[in-house]
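# Inside the fold
For reference, the chains in residue letters:
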Amino acid sequence: MTEPLNPGDEVPPGTPGSGEDVCPACHGSGKLADGKPCANCGGSGVIQEAIGGG
Ligand SMILES: [Zn+2]
């Protein structure tokens, strides 16, 4: 049941205290400027980010 993490993910999906954030690499588009899928977020346009604490 372990989903593969994208490079931009800080924590696994569903982790308490985490949430989705717009991918800083593609700004939510899921694609890069050259039209290729964003590897940082896996093309989803969002990443799982740890919120607070650190
Ligand atoms: Zn991205």
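Described in the following lines is the structure provided in the data block.

Thresholds, definitions, all that
- Residues numbered from 1 in each chain as written.
- Predicted model: local features only at pLDDT ≥ 70, side-chain atom pairs only at ≥ 80, totals over all residues.
- Heavy atoms only, no water.
- Donors = N, O, S within 2.8 Å, 3.2 Å for Na, K, Ca; no water.
- Tetrahedral: all angles 85-135°; square planar, octahedral: opposite > 155°, others 65-115°.
- Helix = DSSP H or I, 4+ residues; strand = E, 2+ residues; numbered from the N terminus.
- Buried < 20%, exposed > 50% of the residue type's maximum accessible area, 1.4 Å probe, protein only.

## Re the coordination of the zinc ion
- The coordination sphere of the zinc ion, as far as protein atoms go, consists of Cys 23 (SG), Cys 26 (SG), Cys 38 (SG) and Cys 41 (SG), spread over 2.3 Å.
- In this structure, the zinc ion is surrounded by four donor atoms whose angles at the metal cover 105 to 113 degrees, and the resulting shape is tetrahedral.
- Along the chain, the residues donating to the zinc ion are arranged with the sequence spacing C-x2-C-x11-C-x2-C. Residue Cys 26 is found in the loop between β1 (18-22) and β2 (46-50), and its partner Cys 41 is found in the loop between β1 and β2; the two are separated by 15 residues along the sequence.
- Judged by its relative accessible area of 6%, Cys 26 is buried.

## Side note on unusual backbone geometry
- Of note in the backbone geometry, His 27 takes a positive phi value of approximately 60 degrees without being a glycine.
- Looking at where His 27 falls in the secondary structure, it is placed in the loop between β1 and β2.

Don't take any of this as a statement about function, it's just geometry.
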